[in-house]
Amino acid sequence: MCSVKNPTGLPIHHPEYRYALSRNPYAEKLKKGPGIVFSDNDTEAKQGQWKKRDGEKLHVEIGCNAGHVVVEWAARDAGDRFIGIDWKFKAIHRAFEKALKKNLENIHFLRGHADRLPYMFAKGEVDHLYLFFPDPWAKKSQLKNRFITESKLRMIHEVLAPGGTFQIKTDHPGYFAWMEDHIAKTAELWEITFRSTDLHAGNPAAHTLTFPDVTCFEKLFIKDGIAIHRIDLKKR
Ligand SMILES: C[S@@+](CC[C@H](N)C(=O)[O-])C[C@H]1O[C@@H](n2cnc3c(N)ncnc32)[C@H](O)[C@@H]1O
């Protein structure tokens with residue numbers, strides 16, 4: 001991810017980074033989309049202004065895909081605000097269409113890279129952050145692409161509100177061990193409030209769980225008998 005460059009060669013973490021123009025047909029559709037969807041550097045124009053009402057909590061799902069979970073959360077909890085982020089244009093397009101059908105006013109979608117989190121949100125703005133089944137990048141040559149690293153955990157800690165939470169789920173034991181190593185390197189930042197290496201063990205009805213209690217990928221893993229790993233962190 002760090003190697004993604006803009007047309008002028010700045011790395012994605014640079015404050016002046018500009019997204020490259022995309023020829024993806026859904027890129028144009030998102031630009032003409034309703035005010036709940038933002039793409040590329042427009043995802044950074046509302047930093048610090050996402051919350052609209054006193055007392056509402058901001059929930060952000062990284063890698064929301066077509067919004068199966070975040071849309072249901074928003075429908076279920078009108079008092080809070082929800083944001084889904086994904087870098088796939090078509091997935092975000094499908095997600096906001098779902099939200100429009102449900103007439104939701106408490107949800108937004110950002111088509112962009114999660115590496116830009118500190119530009120999308122102000123320090124302390126996010127109450128609850130979720131990362132469900134990030135790409136495991138399992139080959140040795142791909143490990144550098146993994147989202148969870150010590151520096152990303154520090155970046156995430158900064159956008160979280162005091163006492164804010166970060167929940168991660170993965171099907172990949174190797175990536176889970178990697179995550180725990182990196183969490184240990186930032187141990188002073190977190191209280192671990194929940195940990196499981198087989199989340200649905202002992203639940204014979206796990207295969208009947210549906211959105212938002214499980215994600216799209218999680219349903220498939222449960223069907224295949226693959227153990228789900230989960231860890232919940234609370235900002236110290
Ligand atoms: C394996 S899928 C999981 C989707 C969903 N969370 C679920 O559990 O069903 C990973 C998702 O993360 C998105 N993604 C991966 N890296 C990303 C990044 N750096 N920024 C934004 N989205 C990303 C992908 O496009 C994909 O939709």
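Here, every reference points to the structure presented above.
Residues numbered from 1 in each chain as written. Predicted model: local features only at pLDDT ≥ 70, side-chain atom pairs only at ≥ 80, totals over all residues.

## Re the overall build of the chain
Then, number 1: Helix and strand content of the chain: 7 helices and 8 strands.
Then, number 2: In summary, the chain has a C-alpha radius of gyration of 17 Å against a globular reference of 18 Å for 236 residues, a match within 12%.
Then, number 3: Oriented by its inertia axes, the alpha-carbon framework of the chain measures out at about 45 × 40 × 35 Å.
Then, number 4: The burial tally for the chain puts 36% of its 236 residues in the buried class.
Then, number 5: Counting only contacts in the chain whose residues sit at least 6 apart along the sequence, the fraction spanning at least 24 positions is 76%. (Helix = DSSP H or I, 4+ residues; strand = E, 2+ residues; numbered from the N terminus. Rg over C-alpha atoms; globule rule 2.2 N^0.38 Å. Buried ≥ 20, exposed ≤ 12 C-beta atoms within 10 Å, placed from the backbone. Contact = placed C-beta atoms within 7 Å.)

## Focus on the site of the ligand
Then, number 1: Taken together, 20 residues form the shell around the ligand, and within it G63, A114, T215, C216 and F217 come nearest.
Then, number 2: Elements with a minimum of two residues in the shell around the ligand: β3 (81-86) and α7 (216-223).
Then, number 3: When residues of the shell around the ligand are assigned to their parent elements, the largest contribution, 3 residues, is made by α7. (Near = placed C-beta within 6 Å.)

## Overview of the environment of L30
Then, number 1: With respect to the secondary-structure elements, L30 resides in helix α1 (residues 25-31).
Then, number 2: Judged by local crowding, L30 falls into the buried class, with 21 C-beta atoms found within 10 Å.
Then, number 3: Along the primary structure L30 and A91 are separated by 61 residues, whereas in three dimensions their C-alpha atoms are 11 Å apart.
Then, number 4: Excluding anything up to four places from it in sequence, L30 contacts V37, S39, F89, I92, H93 and R111.

## So, the pairing of strand β5 (residues 126-132)
Then, number 1: Along β5, 6 of the 7 residues are buried, which leaves the element largely enclosed by surrounding structure.
Then, number 2: Bridge analysis of strand β2 (residues 58-62) against β5 gives 4 bridges, and the strand direction is parallel. Bridging across to β5, V60 finds its partner in L129.
Then, number 3: Pairing analysis gives 6 bridges linking β5 to strand β6 (residues 160-170), with the strands arranged parallel. Within β6, the position partnered with F132 by the bridge is K169.
Then, number 4: After leaving β5, the chain enters helix α5 (residues 150-159) and then returns to the sheet as β6, a path that is right-handed. (Pairing = 2+ DSSP bridges. Right-handed = clockwise from strand over helix to strand, strands pointing away.)

## A closer look at the environment of Y175
Then, number 1: Counting through the fold element by element, Y175 comes out in helix α6 (residues 173-185).
Then, number 2: Each residue touching Y175, except ones within four places of it in the same chain, is listed here: P136, R146 and T170.

## Examining the sheet that holds strand β1 (residues 37-39)
Two modes of strand pairing occur in sheets, parallel and antiparallel, and in both the strands are linked by backbone hydrogen bonds.
Then, number 1: On the basis of which strands lie adjacent, the open sheet formed by 8 strands has the order β1-β4-β3-β2-β5-β6-β8-β7 and mixed pairing. Two strands lie at the open edges of the sheet, namely β1 and β7 (190-196), each paired on one side alone. Between one strand axis and the next, the sheet turns by 15 degrees as a mean value, whatever way the strands run.
Then, number 2: Looking at chain direction, β3 and strand β4 (residues 107-111) are connected through 5 bridges and run parallel. If you follow D86 over to β4, its bridge partner there is R111. (Axes fitted to C-alpha atoms, helices over the stretch in contact; angles between N-to-C directions.)

## Some thoughts on α7
Three- or four-residue spacings in an α-helix give side chains the same orientation, since the helix completes a turn every 3.6 residues.
Then, number 1: Burial in α7 covers these residues: E218, F221 and I222. Buried residues of α7 fall within an arc of 100 degrees about the axis and therefore sit on the same side.
Then, number 2: Summarising the contacts, the buried residues of α7 are in contact with β6.
Then, number 3: Backbone geometry just after α7 places G225 at a positive phi near 70 degrees. (Arc of directions from axis to C-beta.)

## Here we look at unusual backbone geometry
Then, number 1: With omega at 5 degrees, the peptide bond leading from F211 into P212 counts as cis.
Then, number 2: Summarising the element assignment, P212 is placed in the loop between β7 and α7.
Then, number 3: A positive phi angle, near 55 degrees, is found at N65, a position not held by glycine.
Then, number 4: For N65, the location among the structural elements is in the loop between β2 and α2 (68-76).
Then, number 5: Take N65: there are 21 C-beta atoms within 10 Å of it, and that puts it in the buried class.
Then, number 6: Even without glycine at this site, W137 takes up a positive phi of about 40 degrees.

Shape descriptors only; they carry no functional weight alone.
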